[in-house]
Amino acid sequence: MSSPVWQDGAAYEAYVGRWSRLVAVTFLRWLDLPAELRWLDVGSGTGVLTSTVLRTAQPRRITGVDPSDGFVRQARSGVTDARAGFAVGDAQVLALEDGAVDVVVSGLVLNFVPEPARAVAEFARVVAPGGVVAAYVWDYAEGMAMMRHFWDAASALDPAAAVRDDRHRFALCRPEPLRTLWRDAGLTDVSVQALDVPTVFTGFSDYWTPFLGGQGSAPAYLASLGEAQRAALRDLLAARLPTEPDGSIRLTARAWAIRGTAPTTAPPNQR
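Everything in this summary refers to the structure shown in the same document. (Residues numbered from 1 in each chain as written. Predicted model: local features only at pLDDT ≥ 70, side-chain atom pairs only at ≥ 80, totals over all residues. Heavy atoms only, no water.)

All told, the structure shown has 13 aromatic pairs when counted by the stated rule. Centre to centre, the rings of Phe27 and Tyr136 are 4.5 Å apart; their planes meet at 50 degrees, and the pair counts as tilted. Of the two residues, Phe27 is situated in helix H1 (residues 9–31) and Tyr136 in strand E5 (residues 127–138); the sequence distance between them amounts to 109 residues. Here the two residues Phe27 and Tyr136 agree in accessibility, since each one is buried. Between Phe150 and Phe211, the ring centres sit 4.8 Å apart and the planes meet at 5 degrees, which makes this aromatic pair stacked. With Phe150 in helix H5 (residues 145–157) and Phe211 in the loop between helix H8 (204–208) and helix H9 (217–223), this pair connects stretches of sequence that are 61 residues apart. Considered together, Phe150 and Phe211 belong to a single accessibility category, that of buried residues. Three or more aromatic residues link up through ring pairs in this structure, and these residues are Trp19, Phe150, Trp151, Phe201, Phe204, Tyr207, Trp208, Phe211 and Tyr221. The side chain of Arg259 reaches across the aromatic face of Trp30, ending 5.9 Å from its centre. (Phe/Tyr/Trp six-rings, centres within 6.5 Å; stacked < 30°, edge-to-face > 60°. Helix = DSSP H or I, 4+ residues; strand = E, 2+ residues; numbered from the N terminus. Buried < 20%, exposed > 50% of the residue type's maximum accessible area, 1.4 Å probe, protein only. Lys NZ or Arg CZ within 6 Å of the ring centre and 35° of its normal.)

Dropping the structure here:
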């Protein structure tokens, strides 16, 4: 489900977890689902989306599934609500019976699943008829500014970096591929929504230091560079980033959210 570098929960939190919390709140406000539903959070990571569901959506029960032992351990230690549980698992082969939950959600995960179509088919299988399947992914192509600035600067210094740029690596960062994925899984009433949140850094160090944690494709690329190359990239970013008079750097992160509904009757070939 995820890249091998997604293992260190603390480093993930410093890099992108703090911003994913803001997106999770906006996502759940958009879904606007009733209380007392059974939820499944696929790719639950450190528990960001799960904890937000518990706080704002009043679920009957929520289960988080993630392939990373490290993330599952951190989620279990950080989310102690009795309504929540976490397990190591694969989005493409969910260990649930058909129609076992009312809502399936997945936050910032689908681009890291080897076969996302298999995963969304599993989402559709385990949700009850009439249930909701929803997800969101970063807009790596344009709207995730902290990463966009990084890769633009990296490519200016090293043309070979372009092949590692998230906008080229991850197809599911735009609305149309997401719509196709949901419709191909047999989901109906499919809609896509842009979710924009502010990402304000207190200064350049607050922006730069999380890239040194090795979590994610940009930090992994940075770790592959020599000291002089890293310094050159750091200096170019420091010169390019829009800096306020107080030293803060005010950017925006965009995610694309999608939702669909499971049919209340099975297609003829599945009856």
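Right, let's talk about the sheet that holds strand E2 (residues 61–66) for a bit. Read across the open sheet, the seven strands follow the order E3-E2-E1-E4-E5-E7-E6; overall the sheet is mixed. Strand pairing shows two members of the sheet lacking a second neighbour, strand E3 (84–88) and strand E6 (188–201), which therefore form its edges. Averaged over all pairs of adjacent strands, the angle between strand axes in this sheet comes to 20 degrees, irrespective of strand direction. Packing of helix H3 (residues 69–78) onto the sheet brings it into contact with E2 and E3, and relative to E3 it is tilted by some 165 degrees. (Pairing = 2+ DSSP bridges. Axes fitted to C-alpha atoms, helices over the stretch in contact; angles between N-to-C directions. Contact = heavy atoms within 4.5 Å.)

So, about the pairing of strand E1 (residues 38–42). With four of five residues buried, E1 is to be regarded as a mostly interior element. Here E1 pairs with E2 via five bridges, running parallel. Within the sheet, the bridge partner assigned to Asp41 lies in E2 and is Gly64. Read from E1 through helix H2 (residues 48–56) to E2, the crossover connection turns out right-handed. As paired elements, E1 and strand E4 (residues 101–107) share three bridges and run parallel to each other. Its bridge partner lying in E4, Leu40 is registered against Val104. (Right-handed = clockwise from strand over helix to strand, strands pointing away.)

A few words now on the environment of Pro245. Mapping Pro245 onto the fold places it in the loop between helix H10 (227–240) and strand E7 (249–261). Overall, the relative accessible area of 86% leaves Pro245 in the exposed class. The spacing of Pro245 and Val113 is 132 residues in sequence and 41 Å in space, taken between C-alpha atoms.

Let's shift gears to the pattern of salt bridges. Tallied over the entire structure, the rule returns 15 salt bridges. Between Asp206 and Arg18 there is a salt bridge, with the nearest N and O atoms lying 3.0 Å from each other. Of this pair, Asp206 sits in helix H8 while Arg18 sits in helix H1; the two residues are 188 residues apart in sequence, bridging distant segments of the chain. Look at Arg18 and you get partly exposed, because its relative accessible area is 26%. Across the pair Arg167 and Asp152 runs a salt bridge whose closest N-O atoms are separated by 3.2 Å. Linking Arg167 in helix H6 (residues 166–169) with Asp152 in helix H5, this pair joins segments that are 15 residues apart in sequence. Residue Arg167 is classed as partly exposed on the basis of its relative accessible area of 34%. Taking the relative accessible area as the measure of exposure, Asp152 reaches 33% and is therefore partly exposed. (Salt bridge = Lys/Arg side-chain N within 4 Å of Asp/Glu carboxyl O.)

This part covers the side chain of Asp66. You can see Asp66 is positioned in strand E2. We note that Asp66 is buried and unpaired, the nearest opposite charge coming from Arg73 at a distance of 11 Å. Among the polar contacts listed, one links the side chain of Asp66 to the backbone nitrogen of Ser44, at a separation of 3.5 Å. From its side chain, Asp66 meets the backbone nitrogen of Gly45 in a polar contact 2.9 Å long. (Lys, Arg positive; Asp, Glu negative; His and termini not counted. Polar contact = N/O pair within 3.5 Å; in protein donor to acceptor, adjacent residues only side chain to side chain.)

Quick look at the pairing of E2 now. The side chains of a regular strand alternate, residue by residue, between the two faces of the sheet. The pairing of E2 with E3 spans five bridges and is parallel. When the sheet's bridge partners are listed, Gly64 is paired in E3 with Phe86. After leaving E2, the chain enters H3 and then returns to the sheet as E3, a path that is right-handed.

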